[in-house]
Amino acid sequence: MSIKVENITKVYGEQKALNTISFSVKSAEIVGFLGPNGAGKSTMMKILTTYINPSEGQVKVNGYDIDSDKKSVQSSVGYLPEHNPLYLDLYVREYLAFNADVFKVEKSRINDVIELTGLTSESHKKISQLSKGFRQRVGLANALLHNPDVLILDEPTTGLDPNQLVEIRNVIKNVGKDKTVFLSTHIMQEVEAICDRVIIINNGKIVTDKKLDKLIFQVHMKE
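Residues numbered from 1 in each chain as written. Predicted model: local features only at pLDDT ≥ 70, side-chain atom pairs only at ≥ 80, totals over all residues. Heavy atoms only, no water.

A.B. asks: Go over the pairing of strand β9 (residues 197-202) with me, naming the residues and quoting the values.
C.D. replies: Within a regular beta strand, the side chains point alternately toward one face of the sheet and then the other, so they alternate between its two faces. Within β9, five of the six residues are buried, which leaves the element mostly enclosed by the surrounding structure. Direction of pairing for β9 relative to strand β10 (residues 205-211): antiparallel, over a ladder of six bridges. Paired with Ile201 across the strands is Ile206, a residue of β10. Connecting β9 to the antiparallel partner β10 that follows it, the hairpin turn spans two residues, and Asn203 within it adopts a positive phi of roughly 50°. (Buried < 20%, exposed > 50% of the residue type's maximum accessible area, 1.4 Å probe, protein only. Helix = DSSP H or I, 4+ residues; strand = E, 2+ residues; numbered from the N terminus. Pairing = 2+ DSSP bridges.)

A.B. asks: Kindly report on the sheet that holds strand β4 (residues 56-61), identifying the contributing residues and their values.
C.D. replies: Judged by pairing direction, the sheet is antiparallel, and its four strands sit side by side in the order β2-β1-β4-β5 without closing on themselves. Looking at the sheet topology across the chains shown, the edges are occupied by β2 (15-25) and β5 (64-65). Of the strand pairs in this sheet, strand β1 (residues 3-12) and β2 are connected by seven bridges, and their pairing is antiparallel. Bridging from a neighbouring strand, Lys4 pairs with Ser24 of β2.

A.B. asks: So, the confidence of the model for the protein: which residues are in play, and what are the values?
C.D. replies: When the pLDDT values of the protein are averaged, the result is 90; 96% of them are 70 or greater. Low pLDDT (under 50) marks residues 219-223, which in the prediction has zero contacts with non-local residues, meaning those over four places away or in another chain. (pLDDT = per-residue confidence, 0-100. Contact = heavy atoms within 4.5 Å.)

A.B. asks: Give me the pairing of strand β6 (residues 77-80): which residues, what numbers.
C.D. replies: Along β6, one buried face is formed by Val77 and Tyr79 and the opposite face, lined by Gly78 and Leu80, is buried too. Relative to strand β7 (residues 150-154), β6 runs parallel, the two sharing four bridges. Counterpart to Gly78 in the pairing with β7 is Leu151.

A.B. asks: Just give me the short version of helix α5 (residues 132-144), but keep the residues and values in it.
C.D. replies: The first and last C-alpha atoms of α5 sit 19 Å apart over 13 residues, in line with the 18 Å expected at 1.5 Å per residue. Counting buried positions over the 13 residues of α5 gives eleven, a clear majority of the element. All of the buried residues in α5 are Gly133, Phe134, Gln136, Arg137, Val138, Gly139, Leu140, Ala141, Asn142, Ala143 and Leu144. (Expected span 1.5 Å × (residues − 1).)

A.B. asks: Summarise the environment of Leu151; cite the residues concerned and give the values.
C.D. replies: With respect to the helices and strands, Leu151 occurs in strand β7. A residue is classified by how much of its surface remains accessible, and Leu151, at 1% relative accessible area, is buried. Sequence separation between Leu151 and Met188 is 37 residues, and the spatial gap between their C-alpha atoms is 20 Å. Setting aside residues no more than four positions away along its own chain, Leu151 makes contact with Gly78, Leu140, Ala143, Leu144, Val175, Thr180, Val181 and Phe182.

A.B. asks: I'd like to hear about the environment of Ser108, residue by residue, with values.
C.D. replies: In this fold, Ser108 is placed in helix α4 (residues 108-116). Ser108 sits 72 residues away from Pro36 along the chain, and the two C-alpha atoms are 40 Å apart.

A.B. asks: Explain unusual backbone geometry to me, using residue names and the numbers behind them.
C.D. replies: Phi at Thr20 takes a positive value of approximately 45°, unusual for a residue other than glycine. Note on placement: Thr20 falls in strand β2. Its relative accessible area of 44% is what places Thr20 among the partly exposed residues. One non-glycine residue with positive phi stands out, namely Asn203, at about 50°. Looking at the element boundaries, Asn203 is found in the loop between β9 and β10.

Encoded structure:
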């Protein structure tokens, strides 16, 4: 399994953001983590990427424990947070070169991720000059720099116009051909457009975990 989550609980004060949730994700599977705002999606993403620790439970990513082997988890995961942190005064290639140094990867990888995310026409510009859609592509390119096995994408299409939505969804589907992708969203159409499977969370608990085609079939049967 690329991701294995067992009985994870996260408590903030008296509030349970996550309440004993468990699920697993296979290699090269694209899974949507669907739920309303405040359901616990971002908390789960931050736990998977070792940004925060759970209150209870165990998580393994690519076989590495998030508590005892954080460095290995971080090396095998590419993360695009909900609020994409970019240095707006840097040029696209300059920004990716900076992060290539951080990840200690070959500079040739910069051209690979620029092409993969469809940034070629914009790669000579400052990030501040880019549209929201292309800024998301820069964040995705950065997450792919070290060629991770698992991509964690937190609300990757928030704030995009319809054309940008389609373009980013296509980029994610293309990337997901040979990587595990776990993405959060509160939009069902997003899951339908990209994912193989959907996990629905509400109030910190998983309420549904099904292959997408089975879920859609059940919805149509009820109608």
